[in-house]
Number of protein chains: 2
Amino acid sequence: MTFEKIPYKIYLAEEEMPKTWYNVRADMKTKPAPLVNPGTGTPMGFEDLRGVFCDELIRQELDNDTREIPIPQEIRDFYKMYRPSPLVRAYCLEEKLQTPAKIYYKFEGNNTSGSHKLNSAIAQAYYAKLQGLTGVTTETGAGQWGTALSMACAYLGLDCKVYMVKVSYEQKPFRREVMRTYGASVTPSPSMETEIGRKILQEHPGTTGSLGCAISEAVEAAVSHPGYRYVLGSVLNQVLLHQSVIGLETKAALDKYGVTPDIIIGCAGGGSNLGGLIAPFMGEKLRGERDYRIIAVEPASCPSFTRGKFAYDFCDTGMVCPLAKMYTLGSGFIPSANHAGGLRYHGMSPVLSQLYHDGLMEAVSVEQTRVFEAAEQFARVEGILPAPESSHAIRVAMDEALKCKETGEEKTIVFGLTGTGYFDMVAYEKFHNGEMTDYIPTDEELQQSFDKLPRIPGLE
Amino acid sequence: MTFEKIPYKIYLAEEEMPKTWYNVRADMKTKPAPLVNPGTGTPMGFEDLRGVFCDELIRQELDNDTREIPIPQEIRDFYKMYRPSPLVRAYCLEEKLQTPAKIYYKFEGNNTSGSHKLNSAIAQAYYAKLQGLTGVTTETGAGQWGTALSMACAYLGLDCKVYMVKVSYEQKPFRREVMRTYGASVTPSPSMETEIGRKILQEHPGTTGSLGCAISEAVEAAVSHPGYRYVLGSVLNQVLLHQSVIGLETKAALDKYGVTPDIIIGCAGGGSNLGGLIAPFMGEKLRGERDYRIIAVEPASCPSFTRGKFAYDFCDTGMVCPLAKMYTLGSGFIPSANHAGGLRYHGMSPVLSQLYHDGLMEAVSVEQTRVFEAAEQFARVEGILPAPESSHAIRVAMDEALKCKETGEEKTIVFGLTGTGYFDMVAYEKFHNGEMTDYIPTDEELQQSFDKLPRIPGLE
């Protein structure tokens, strides 16, 4: 193996780390559609959202104009504990694939929460603390977001109440214990603690819960406890804003070595990682300064971009949250039980949805067996055990690199490696034992779900 | 919080990474005692060890004279995939403790094996490959070493056969699946695959296995399969040599900022991490250039340094391996079942044993509940979820920092944070639920074990 002068891993120095987040909405000609009150069909403003979200976060949510938003010093100090994350040149993967492509990945898994979620968790916890609140509530499915938020709250001395989907609570006791290590209270959802929880348990005794139900409980708990607010780990504009630190670091690291990517690839569930990774590159594209191919990768079993509708829909299955205009499979859509890993959200970030709708990015969907094949190949040569979510991006990065092998093109590919798979070994085991299968929803199934999309006058 | 100019994390640049390992034996006035044939009582030489170990590794094992041993380029390239590991300034922990002490830790957990073990695994796999071997065998208990070796073998295309203590195989299925992801074959031990395994199963049907038994099976498998050799993750001189990369990086990072530690602290089971961390500092001490306090931390339930005998003993409980002169609790000693985490080896690296015997380092033992208290406090402020093993060092680093608080001394403390605790959540859960207890072996128990130490003529 011979190596160019670009190191295996590019780490920015502390003084090179971003001091501001980048708000891609400022450069969008068509802004993302506003959140809307399902009862009235009118856009929700600052006052409408204050009962649920922290003040400063609402301002960030609604701000479509400010391009650079300063990262408060306290958050920058916290970032220094686990950031900059390395931008890795995948020399070993390139050699394994025998491709002329140059592959880089931004690895966000080197913190205890195991994923990029911490970038927004600390920001949201910080603003809650700043506002003098006592604590925050949230939901978690697989547990990455809940873990990240627990870490952030422990650091700031803030209460953290996590509603964890019951089936995950029982099947992933380790995740639960990590959150407890950080002092969070973790409640299996649905629970008897909330009105909506009791109602659901009465109607569906023995239910193992869903993310939608956990969201509803977390929102209710926030609204009904003075000094608490609700926080969310993806989808929202504010989350993409905080996650822009991923893309800003990536771009700074590439710029340092004079590297310009041709293709940027990220996995997409609610869109927090992808939105963050592509932010500054998309900015250049929107301003007409440079062009990039930007590819969102989603599971074939939950294909909101590639097979969803661009429409107003509920953010939760319990239909208590505002409506957002996004690519959606319908708020009642739940991916097949054979789907492993995250990326199971029925909708997609309104910002990314608008960008996709405007033809500024592409999307592909991939089946999970092909994803785990890529994950295993990647682990064996690059050493890192990737999360199933992240492995969607690995799959497509490898596919693009193999195309380069055929054409002989020396493209530069950058992808986001959002996290590690330590808590996903049950899925890996299925894969090793040949027991993993693929499921792609039929057009009929999707149509049934689309039929239930809300019809709000004036919002067709 | 205000911060000095020393960054949160010091990363060396690629060109600053060590190009040679440092062999502390070259600077020892009293060399570690040689491995001895239990039958004859004579030191084992190159030819005696060839059936079990790779040639180059035997040379390293026996070499007490060469101070600097070049790290082959291929190993340096692999190191670049996950090294340099960060040297972290524990600003948040210092503030939490309100101590004037300056605390640094070298974090070795940022690779998929989750620990420092990879530093030696890749070296041992490399030399096996270089010799044209087909594969290697080893044993693993909790699984860190087995995982590390699997990763290294996957990278080099070498077969990897791991005998995993049966109780761990069953209780830690995730660890097993990580190894399988890297293509290793993992066999619960004792197994029907080896003579010794069959013998043990016949004598003790239903046994859940032990590390000693797994070692015996792995050695037998290596010896009886052409093209295979046995490799080991700790205790041996060669392992400490490879692990010196930890200390060399630590020293280079400190030197870069003009920092000189007063106290260096590491946890000690077989001694691989501690021996590696302290190597260059001990070298200065041995050469009379500078003085440091060096502290080994061991579990109160397995106190080889603090309560063991300095004597020749078997390296395995099956008594098939050579004898080593070391601090030992007796090869039949097994820590109480309530002991969580690793550091359960009955003996200690012969190099470290000699250094301790010569008064060049100190040792303390700590009870596990105090260890987990420290682990949780550390996680909450520093973000990283530490392995129980590593948390022994955290405990004593915190204790030393609290002493500084009392005296007002601004000591500089460096400790080794060997790995992450993602696979140890069962122990954390016990701790959270108040179910964790401490067990300290009685003098009588230890004496019974000492009574069984081998008596080889001429080796008293």
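Just above, that's the structure.
Residues numbered from 1 in each chain as written. Chains lettered and ligands numbered in written order. Predicted model: local features only at pLDDT ≥ 70, side-chain atom pairs only at ≥ 80, totals over all residues. Heavy atoms only, no water.

Novice: Got a minute to help me understand the interface of chain B and chain A in this structure?
Specialist: Much of the literature gives interface size as the accessible area that the parts lose upon coming together. Of the residues lining the interface, 44 residues belong to chain B; the matching set on chain A comes to 44 residues. Summed over both partners, the interface of chain B with chain A comes to about 4200 Å²; 58% of that surface belongs to carbon and sulfur atoms. With a closest N to O distance of 2.8 Å, Glu429 of chain A and Arg176 of chain B form a salt bridge. Every element with two or more residues in the side of chain B that touches chain A is listed here: helix H3 (73-82), helix H6 (144-156), helix H8 (173-181), helix H15 (368-382) and helix H17 (425-432) of chain B. Tallying contributions element by element places H8 of chain B first for the side of chain B that touches chain A, with six residues. In terms of residue class, the side of chain B that touches chain A is made up of 24 nonpolar, eight polar and 12 charged. (Contact = heavy atoms within 4.5 Å. Buried area = accessible area lost by both parts, 1.4 Å probe. Salt bridge = Lys/Arg side-chain N within 4 Å of Asp/Glu carboxyl O. Helix = DSSP H or I, 4+ residues; strand = E, 2+ residues; numbered from the N terminus. Nonpolar A, V, L, I, M, F, W, Y, C, P; charged D, E, K, R; others polar.)

Novice: Sorry, what's going on with the environment of Asp262 of chain A here?
Specialist: All names here are of chain A. Counting through the fold element by element, Asp262 comes out in the loop between helix H11 (237-256) and strand S10 (263-267). C-alpha of Asp262 to C-alpha of Val239: the two residues are 23 residues apart in sequence and 26 Å apart in space. Asp262 has contacts with Tyr292, Arg293, Glu410, Lys411 and Thr412, leaving out every residue within four places of it along the chain. Within polar-contact distance, the side chain of Asp262 engages the backbone nitrogen of Thr412 at 2.7 Å. (Polar contact = N/O pair within 3.5 Å; in protein donor to acceptor, adjacent residues only side chain to side chain.)

Novice: What should I look at first to understand the sheet that holds strand S9 (residues 228-230) of chain A in this one?
Specialist: Two strands in a sheet stick together by hydrogen bonds in their backbones, pointing the same way (parallel) or opposite ways (antiparallel). All names here are of chain A. Spatially, S8-S7-S6-S9 is the arrangement adopted by the four strands of the open sheet, whose pairing is parallel. A single partner strand is all that each edge strand has here, and the edge strands are strand S8 (185-189) and S9. Adjacent strand axes in the sheet meet at a mean angle of 25 degrees, parallel and antiparallel pairs treated alike. Across three bridges, the pairing between strand S6 (residues 135-140) and S9 is parallel. Paired with Gly135 across the strands is Tyr228, a residue of S9. Strands S6 and strand S7 (159-165) of the sheet are contacted by helix H6 (residues 144-156), whose axis makes an angle of about 165 degrees with S6. In this fold helix H8 (residues 173-181) packs onto S6, S7 and S8, with an angle of close to 175 degrees to the strand it touches most, S7. (Pairing = 2+ DSSP bridges. Axes fitted to C-alpha atoms, helices over the stretch in contact; angles between N-to-C directions.)

Novice: Looking at this structure, how should I read the relation of the copies chain B and chain A?
Specialist: Superposition of the two copies of the chain requires a rotation about an axis together with a shift along that axis. For the pair chain B and chain A, the best superposition has an RMSD of 0.0 Å and corresponds to a rotation of 180 degrees with a translation of 0.0 Å parallel to the axis. As the rotation angle and translation indicate, the two copies are arranged about a two-fold axis. No C-alpha of chain B approaches the rotation axis more nearly than that of Asn110 of chain B, which lies at 3.0 Å. Most of the interface of chain B is mirrored in chain A, where 100% of its interface residues again form contacts. (Least-squares fit on C-alpha atoms with pLDDT ≥ 70 in both.)

Novice: Looking at this model, I keep getting lost on the sheet that holds strand S6 (residues 135-140) of chain B. Mind explaining?
Specialist: All names here are of chain B. Across the sheet, four strands lie side by side as S8-S7-S6-S9; this open sheet has parallel pairing. Lying at the two open borders of the sheet, with one neighbouring strand each, are strand S8 (185-189) and strand S9 (228-230). Sheet twist, expressed as the mean angle between neighbouring strand axes with direction ignored, is 25 degrees. Packed onto the sheet, H8 meets S6, strand S7 (159-165) and S8 and runs at close to 175 degrees relative to S7. The strands touched by helix H10 (residues 211-224) within the sheet are S6, S7, S8 and S9, with S6 carrying the most contacts at an inclination of about 170 degrees.

Novice: Sorry, what's going on with the packing of aromatic side chains here?
Specialist: Each aromatic ring pair is specified by the distance between its two centres and by the angle formed by the two planes. Summed over the entire model, instances satisfying the criterion amount to 37 aromatic pairs over all chains. Centroid distance Phe310 of chain B to Tyr327 of chain B: 4.9 Å. Interplanar angle 20 degrees. Geometry classified as stacked. A residue pair is termed long-range when its members are at least 10 positions apart, and Phe310 of chain B in strand S12 (residues 309-314) and Tyr327 of chain B in strand S13 (residues 323-328) qualify at 17 residues. The pair Phe310 of chain B / Tyr327 of chain B is uniform in exposure class, with both members buried. Counting every residue linked through ring pairs, the aromatic cluster contains Phe78, Tyr79, Tyr82 and Tyr155 of chain A. When the ring centre of Tyr169 of chain A is taken as reference, the NZ or CZ atom of Arg176 of chain A above it lies at 4.9 Å. (Phe/Tyr/Trp six-rings, centres within 6.5 Å; stacked < 30°, edge-to-face > 60°. Buried < 20%, exposed > 50% of the residue type's maximum accessible area, 1.4 Å probe, protein only. Lys NZ or Arg CZ within 6 Å of the ring centre and 35° of its normal.)

Novice: For this particular structure, what's the right way to read H8 of chain A?
Specialist: Residue and element names in this part refer to chain A. Taking burial as the measure, the nine residues of H8 include seven buried ones, the bulk of the element. Of the residues making up H8, those classed as buried are Phe174, Arg175, Arg176, Glu177, Val178, Met179 and Thr181. In the segment just after H8, Gly183 is the residue with positive phi, at about 85 degrees.

Novice: How do you make sense of the pairing of strand S11 (residues 293-299) of chain B when you look at a structure like this?
Specialist: Put simply, side chains in a regular strand alternate between the two faces of the sheet. Residue and element names in this part refer to chain B. Counting buried positions along S11 yields six of seven residues, so the element is predominantly enclosed. Here strand S10 (residues 263-267) pairs with S11 via five bridges, running parallel. Considered in S11, the bridge of Ile265 is made with Ile295. In the classification by handedness, the crossover that spans S10, the intervening helix H12 (residues 272-286) and the parallel S11 is right-handed. Here S11 runs beside strand S14 (residues 362-366); their pairing, made up of five bridges, is parallel. Directly across from Ile295, in S14, lies its bridge partner Glu362. (Right-handed = clockwise from strand over helix to strand, strands pointing away.)

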